[in-house]
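Here is how the chains run, residue by residue.
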Amino acid sequence: EAGVAQSPRYKIIEKRQSVAFWCNPISGHATLYWYQQILGQGPKLLIQFQNNGVVDDSQLPKDRFSAERLKGVDSTLKIQPAKLEDSAVYLCASSWFRGPLYEQYFGPGTRLTVT
Amino acid sequence: AQTVTQSQPEMSVQEAETVTLSCTYDTSESDYYLFWYKQPPSRQMILVIRQEAYKQQNATENRFSVNFQKAAKSFSLKISDSQLGDAAMYFCAWGGAQKLVFGQGTRLTINP
(Lines give C-alpha, C1' and ligand atoms only; values in the text may rest on other atoms or scores of the structure.)
Protein backbone atom coordinates (compact mmCIF):
# COMPACT_ATOMS: atom_id res chain seq x y z
CA GLU A 1 0.00 0.00 0.00
CA ALA A 2 1.43 3.36 -1.07
CA GLY A 3 1.79 5.90 1.71
CA VAL A 4 0.82 9.55 1.88
CA ALA A 5 2.74 11.53 -0.71
CA GLN A 6 3.74 15.17 -0.34
CA SER A 7 5.63 17.60 -2.51
CA PRO A 8 7.86 19.45 -2.52
CA ARG A 9 10.05 18.15 0.32
CA TYR A 10 11.77 21.50 0.78
CA LYS A 11 10.89 25.06 -0.17
CA ILE A 12 12.67 28.34 0.48
CA ILE A 13 10.86 31.60 -0.26
CA GLU A 14 11.11 35.23 0.69
CA LYS A 15 8.52 36.86 2.92
CA ARG A 16 5.46 38.16 1.11
CA GLN A 17 5.84 35.53 -1.62
CA SER A 18 3.29 32.77 -2.11
CA VAL A 19 3.79 29.01 -1.88
CA ALA A 20 1.71 25.89 -2.40
CA PHE A 21 2.05 22.38 -1.04
CA TRP A 22 0.50 19.25 -2.48
CA CYS A 23 -0.70 16.08 -0.75
CA ASN A 24 -1.95 12.79 -2.13
CA PRO A 25 -3.52 10.63 0.60
CA ILE A 26 -3.64 6.87 0.82
CA SER A 27 -6.17 5.49 -1.65
CA GLY A 28 -9.61 5.20 -0.11
CA HIS A 29 -8.91 7.44 2.87
CA ALA A 30 -11.82 9.84 3.25
CA THR A 31 -10.28 12.13 5.85
CA LEU A 32 -7.30 14.37 5.16
CA TYR A 33 -5.43 16.62 7.59
CA TRP A 34 -2.88 19.40 7.27
CA TYR A 35 -0.64 20.09 10.25
CA GLN A 36 1.92 22.81 10.92
CA GLN A 37 4.94 21.75 12.96
CA ILE A 38 7.17 24.58 14.13
CA LEU A 39 10.68 23.56 15.13
CA GLY A 40 10.74 22.12 18.63
CA GLN A 41 6.97 21.75 18.87
CA GLY A 42 4.39 19.10 18.21
CA PRO A 43 2.20 19.22 15.10
CA LYS A 44 -0.78 21.58 15.21
CA LEU A 45 -3.86 20.89 13.14
CA LEU A 46 -4.56 23.53 10.50
CA ILE A 47 -7.46 22.00 8.61
CA GLN A 48 -9.36 18.74 8.36
CA PHE A 49 -11.31 17.53 5.32
CA GLN A 50 -13.93 14.81 5.13
CA ASN A 51 -14.06 13.86 1.46
CA ASN A 52 -14.06 17.32 -0.16
CA GLY A 53 -15.78 19.16 2.68
CA VAL A 54 -14.09 21.07 5.51
CA VAL A 55 -14.73 19.59 8.97
CA ASP A 56 -12.46 21.84 11.04
CA ASP A 57 -10.46 24.90 10.02
CA SER A 58 -10.62 26.73 13.32
CA GLN A 59 -6.83 27.08 13.58
CA LEU A 60 -6.20 28.02 9.96
CA PRO A 61 -5.04 31.67 9.57
CA LYS A 62 -7.58 32.39 6.89
CA ASP A 63 -6.21 35.79 5.99
CA ARG A 64 -3.17 34.12 4.41
CA PHE A 65 -3.73 30.35 4.35
CA SER A 66 -6.13 28.50 2.10
CA ALA A 67 -6.67 24.83 1.33
CA GLU A 68 -8.78 22.79 -0.98
CA ARG A 69 -9.41 19.14 -1.66
CA LEU A 70 -10.64 18.61 -5.17
CA LYS A 71 -12.84 15.58 -5.81
CA GLY A 72 -12.14 14.32 -2.30
CA VAL A 73 -8.66 13.04 -3.15
CA ASP A 74 -5.60 15.32 -3.57
CA SER A 75 -5.26 18.46 -1.54
CA THR A 76 -3.29 21.68 -1.80
CA LEU A 77 -2.37 24.09 0.97
CA LYS A 78 -1.45 27.64 -0.03
CA ILE A 79 0.15 30.51 1.85
CA GLN A 80 -0.14 34.01 0.43
CA PRO A 81 1.63 36.16 1.46
CA ALA A 82 4.14 34.26 3.58
CA LYS A 83 5.53 35.61 6.85
CA LEU A 84 8.73 34.69 8.66
CA GLU A 85 6.72 32.88 11.35
CA ASP A 86 5.33 30.49 8.71
CA SER A 87 8.70 28.71 8.63
CA ALA A 88 7.81 25.19 9.68
CA VAL A 89 7.25 21.64 8.49
CA TYR A 90 3.83 21.10 6.93
CA LEU A 91 2.58 17.58 7.42
CA CYS A 92 -0.28 15.93 5.60
CA ALA A 93 -2.05 12.92 7.07
CA SER A 94 -5.00 10.76 6.03
CA SER A 95 -7.27 8.21 7.63
CA TRP A 96 -10.21 5.89 6.99
CA PHE A 97 -13.67 6.92 8.09
CA ARG A 98 -14.87 4.22 10.47
CA GLY A 99 -15.33 3.69 14.19
CA PRO A 100 -14.71 6.22 16.94
CA LEU A 101 -11.11 6.82 16.05
CA TYR A 102 -9.32 6.84 12.77
CA GLU A 103 -5.63 6.05 12.80
CA GLN A 104 -3.78 8.76 10.93
CA TYR A 105 -1.04 8.00 8.44
CA PHE A 106 1.48 10.78 7.87
CA GLY A 107 3.40 11.90 4.83
CA PRO A 108 7.08 12.92 4.91
CA GLY A 109 6.27 16.61 5.23
CA THR A 110 7.40 19.77 3.47
CA ARG A 111 9.98 21.94 5.20
CA LEU A 112 9.26 25.61 4.46
CA THR A 113 11.83 28.31 5.14
CA VAL A 114 10.73 31.92 4.82
CA THR A 115 13.59 34.45 4.64
CA ALA B 1 -10.22 21.36 25.01
CA GLN B 2 -7.69 18.58 25.21
CA THR B 3 -4.09 19.21 26.25
CA VAL B 4 -1.06 16.95 26.23
CA THR B 5 2.07 17.68 28.25
CA GLN B 6 5.48 16.10 27.89
CA SER B 7 7.69 17.41 30.67
CA GLN B 8 10.99 15.99 29.41
CA PRO B 9 12.33 17.98 26.44
CA GLU B 10 15.34 15.65 26.19
CA MET B 11 16.27 12.21 27.43
CA SER B 12 19.30 10.02 26.88
CA VAL B 13 19.96 6.35 27.53
CA GLN B 14 22.76 3.89 27.03
CA GLU B 15 22.30 1.36 24.29
CA ALA B 16 20.59 -1.82 25.57
CA GLU B 17 19.24 -0.02 28.64
CA THR B 18 15.63 0.88 29.43
CA VAL B 19 14.16 4.38 29.29
CA THR B 20 10.76 5.79 30.20
CA LEU B 21 9.21 8.86 28.56
CA SER B 22 6.48 10.70 30.46
CA CYS B 23 3.21 12.15 29.24
CA THR B 24 0.18 13.60 30.96
CA TYR B 25 -3.04 14.75 29.35
CA ASP B 26 -6.27 16.46 30.17
CA THR B 27 -9.63 15.65 28.66
CA SER B 28 -13.30 15.57 29.59
CA GLU B 29 -14.06 12.95 26.95
CA SER B 30 -14.81 9.40 28.02
CA ASP B 31 -14.00 7.73 24.70
CA TYR B 32 -10.51 8.34 23.39
CA TYR B 33 -7.20 6.80 22.44
CA LEU B 34 -3.64 7.65 23.35
CA PHE B 35 -0.67 7.30 21.06
CA TRP B 36 3.08 7.51 20.97
CA TYR B 37 4.56 8.61 17.66
CA LYS B 38 8.22 8.54 16.68
CA GLN B 39 9.65 11.20 14.37
CA PRO B 40 13.19 10.54 13.12
CA PRO B 41 15.20 13.21 11.29
CA SER B 42 13.44 12.19 8.08
CA ARG B 43 10.33 13.87 9.64
CA GLN B 44 8.07 10.89 8.93
CA MET B 45 5.69 10.41 11.86
CA ILE B 46 5.62 6.72 12.73
CA LEU B 47 3.06 5.20 15.07
CA VAL B 48 4.84 3.33 17.86
CA ILE B 49 1.99 2.20 20.08
CA ARG B 50 -1.61 3.04 20.94
CA GLN B 51 -3.88 2.50 23.92
CA GLU B 52 -7.66 2.48 24.01
CA ALA B 53 -8.86 4.39 27.06
CA TYR B 54 -11.51 1.81 27.90
CA LYS B 55 -8.93 -0.96 28.18
CA GLN B 56 -7.25 -1.45 31.53
CA GLN B 57 -4.53 -3.66 30.13
CA ASN B 58 -1.43 -1.76 29.09
CA ALA B 59 -0.50 -2.01 25.42
CA THR B 60 2.75 -3.69 24.37
CA GLU B 61 4.52 -3.78 21.03
CA ASN B 62 7.76 -5.77 21.15
CA ARG B 63 10.27 -3.59 23.06
CA PHE B 64 7.73 -0.80 23.58
CA SER B 65 5.17 -0.77 26.36
CA VAL B 66 3.02 1.82 28.06
CA ASN B 67 1.95 2.52 31.61
CA PHE B 68 -1.58 3.91 31.33
CA GLN B 69 -2.98 5.44 34.51
CA LYS B 70 -6.43 6.68 33.53
CA ALA B 71 -7.36 8.29 36.83
CA ALA B 72 -4.08 10.17 36.93
CA LYS B 73 -4.31 10.94 33.19
CA SER B 74 -0.81 9.64 32.72
CA PHE B 75 0.55 7.71 29.73
CA SER B 76 4.25 6.87 29.80
CA LEU B 77 6.26 4.95 27.23
CA LYS B 78 8.90 2.41 28.21
CA ILE B 79 11.51 1.38 25.70
CA SER B 80 13.43 -1.75 26.65
CA ASP B 81 16.77 -2.84 25.21
CA SER B 82 17.26 0.57 23.56
CA GLN B 83 18.78 0.51 20.10
CA LEU B 84 20.58 3.18 18.10
CA GLY B 85 17.63 3.25 15.70
CA ASP B 86 15.35 4.37 18.52
CA ALA B 87 16.95 7.82 18.49
CA ALA B 88 14.26 10.31 17.45
CA MET B 89 11.68 12.79 18.68
CA TYR B 90 8.83 11.06 20.48
CA PHE B 91 5.40 12.63 20.61
CA CYS B 92 2.56 11.67 22.88
CA ALA B 93 -0.87 12.31 21.37
CA TRP B 94 -4.48 12.25 22.50
CA GLY B 95 -6.96 11.03 19.91
CA GLY B 96 -10.71 11.31 19.76
CA ALA B 97 -13.49 12.31 17.37
CA GLN B 98 -11.11 12.04 14.44
CA LYS B 99 -8.64 14.47 15.96
CA LEU B 100 -5.13 14.21 17.34
CA VAL B 101 -3.66 16.61 19.89
CA PHE B 102 0.10 16.36 20.28
CA GLY B 103 2.47 17.12 23.11
CA GLN B 104 5.66 19.13 22.67
CA GLY B 105 7.84 16.08 22.18
CA THR B 106 10.84 14.46 23.87
CA ARG B 107 14.14 14.14 22.05
CA LEU B 108 15.63 10.72 22.79
CA THR B 109 19.36 10.16 22.35
CA ILE B 110 20.89 6.70 22.44
CA ASN B 111 24.49 6.54 23.62
CA PRO B 112 26.52 3.66 22.18
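Use the structure listed above.
Notes on the structure follow.

The rules we used
- Residues numbered from 1 in each chain as written.
- Chains lettered and ligands numbered in written order.
- Predicted model: local features only at pLDDT ≥ 70, side-chain atom pairs only at ≥ 80, totals over all residues.
- Heavy atoms only, no water.
- 1 Å grid on protein atoms, 1.4 Å probe; cavity = no way out; pocket = protein on both sides within 12 Å on 5 of 7 lines; lining within 4 Å.
- Points joined across faces, edges and corners; volume = space filled by probe spheres on them.
- Helix = DSSP H or I, 4+ residues; strand = E, 2+ residues; numbered from the N terminus.
- Nonpolar A, V, L, I, M, F, W, Y, C, P; charged D, E, K, R; others polar.
- Pairing = 2+ DSSP bridges.
- Contact = heavy atoms within 4.5 Å.
- Buried area = accessible area lost by both parts, 1.4 Å probe.
- Salt bridge = Lys/Arg side-chain N within 4 Å of Asp/Glu carboxyl O.
- Polar contact = N/O pair within 3.5 Å; in protein donor to acceptor, adjacent residues only side chain to side chain.

It is worth spelling out the layout of surface pockets at this point. A volume near 470 Å³ is recorded for the largest pocket. For the largest pocket, the lining is made up of 23 residues, of which L39, G40 and R111 of chain A together with Q39 and R107 of chain B are closest to its centre. Every element with two or more residues in the lining of the largest pocket is listed here: β9 (88-95) and β11 (110-114) of chain A together with β10 (88-96) and β12 (106-111) of chain B. Taken together, the residues of the lining of the largest pocket sort by class into 12 nonpolar, 8 polar and 3 charged. Quantified by volume, the second largest pocket comes out at close to 170 Å³. Taken together, P43, K44, L45, D56, S58 and Q59 of chain A together with K99, L100, V101 and F102 of chain B form the lining of the second largest pocket.

With that out of the way, let us pick up the pairing of strand β9 (residues 74-79) of chain B. Residues and elements named next belong to chain B. Note that strand β3 (residues 19-21) and β9 share 3 bridges and pair antiparallel. Across the sheet, residue T20 finds its bridge partner in β9, namely K78. One ladder, built from 6 bridges, connects strand β8 (residues 64-69) with β9; its direction is antiparallel. Paired with S65 across the two strands is K78, which belongs to β9. A loop of 4 residues connects β8 with β9, the two strands running antiparallel in sequence, and K73 in this loop sits at a positive phi of about 55°.

Each side of the interface is counted separately: chain B has 21 residues, and chain A has 27 residues. Between chain B and chain A, a total of about 1900 Å² is buried, with carbon and sulfur atoms accounting for 48% of that surface. Here chain B and chain A share 1 salt bridge between them. With a shortest N-O distance of 3.0 Å, K99 of chain B and D56 of chain A are connected by a salt bridge. Summed over the shared surface of chain B and chain A, the number is 9 residue pairs in polar contact (both at pLDDT 80 or more). Of all elements in the fold, only β5 (33-39), β6 (46-52), β10 and β11 (99-102) of chain B reach the threshold of two or more residues within the side of chain B that touches chain A.

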